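Summary of the model geometry
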Amino acid sequence: MVNKNLENKTQGTENTKNTHGEQIEDEIDVKKLVGKRIREYRKMHNMSQETLSEIIEIDSKHLSNIELGKNMPNPQLLLKISKAFNIEIKDLFEIFHLLPKEKLKSAVFDLVEKLNEEQLRCTYKYIKSFVI
């Protein structure tokens, strides 16, 4: 369902029901989540916006707008950003952990629904270890 949600953002908004039968609006703002992901990597590398913008050869205001989700970097800029962090471009699109809490919970529930009994038991033990 999460991948379907990503597609919906580029195609518009679609109303669907989650696994609990509740009506939800499927819309993921990819620009904002990619911006958050870039900011996340920048902070992991202890870089200021000014430093990263110099490395990738753009104005720091443009980088700020990207991180705020106002602008989406073009493919060439995504390549420069990924090289600056020594990652693959696809890593910048691993964004689902940045979803709002309710959408993240819904995505987790959807994944849990697909587990077999053994996987579910393992998952339960794993999650429980965080709660205790």
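In the block above lies the structure referred to throughout.
Right, let's walk through the structure included here.

Rules of the game
Residues numbered from 1 in each chain as written. Predicted model: local features only at pLDDT ≥ 70, side-chain atom pairs only at ≥ 80, totals over all residues. Heavy atoms only, no water. Phe/Tyr/Trp six-rings, centres within 6.5 Å; stacked < 30°, edge-to-face > 60°. Helix = DSSP H or I, 4+ residues; strand = E, 2+ residues; numbered from the N terminus. Buried < 20%, exposed > 50% of the residue type's maximum accessible area, 1.4 Å probe, protein only. Contact = heavy atoms within 4.5 Å. Arc of directions from axis to C-beta. Polar contact = N/O pair within 3.5 Å; in protein donor to acceptor, adjacent residues only side chain to side chain.

Some points on the packing of aromatic side chains
If you walk through the whole model with that rule in mind, you get 2 aromatic pairs. For the ring pair Y126 and F130, a centre distance of 5.1 Å and an interplane angle of 90° mean the geometry is edge-to-face. Taken together, the residues span about one helical turn, with Y126 and F130 both in helix 7 (residues 117-131) at a distance of 4 residues. Note on F130: relative accessible area 61%, which makes it exposed.

Considering the environment of L68
By the element assignment, L68 lies in the loop between helix 4 (60-67) and helix 5 (75-85). Residues L68 and K32, 36 residues apart in the sequence, show an inter-C-alpha distance of 6.2 Å. The residues touching L68, leaving out its near neighbours within four places in the chain, are K32 and R39.

Here we look at helix 5
When helix 5 is considered as a whole, its buried residues turn out to be L77, L78, I81, S82 and F85. Down the axis of helix 5, the buried side of the element spans an arc of 140°, and every buried residue falls inside it. For helix 5, exposure combined with an orientation more than 90 degrees from the buried face picks out Q76 and K83. At the N-terminal end of helix 5, a side-chain oxygen is found 3.0 Å from the backbone nitrogen of Q76, two or three residues along, and the residue is N74.

Some points on the side chain of D91
Checked against the element boundaries, D91 lands in the loop between helix 5 and helix 6 (101-113). A relative accessible area of 14% means that D91 is categorised as buried. Beyond its immediate sequence surroundings of up to four residues, D91 is in contact with R37 and Y41.

Honestly, it's all geometry; don't read function into it.
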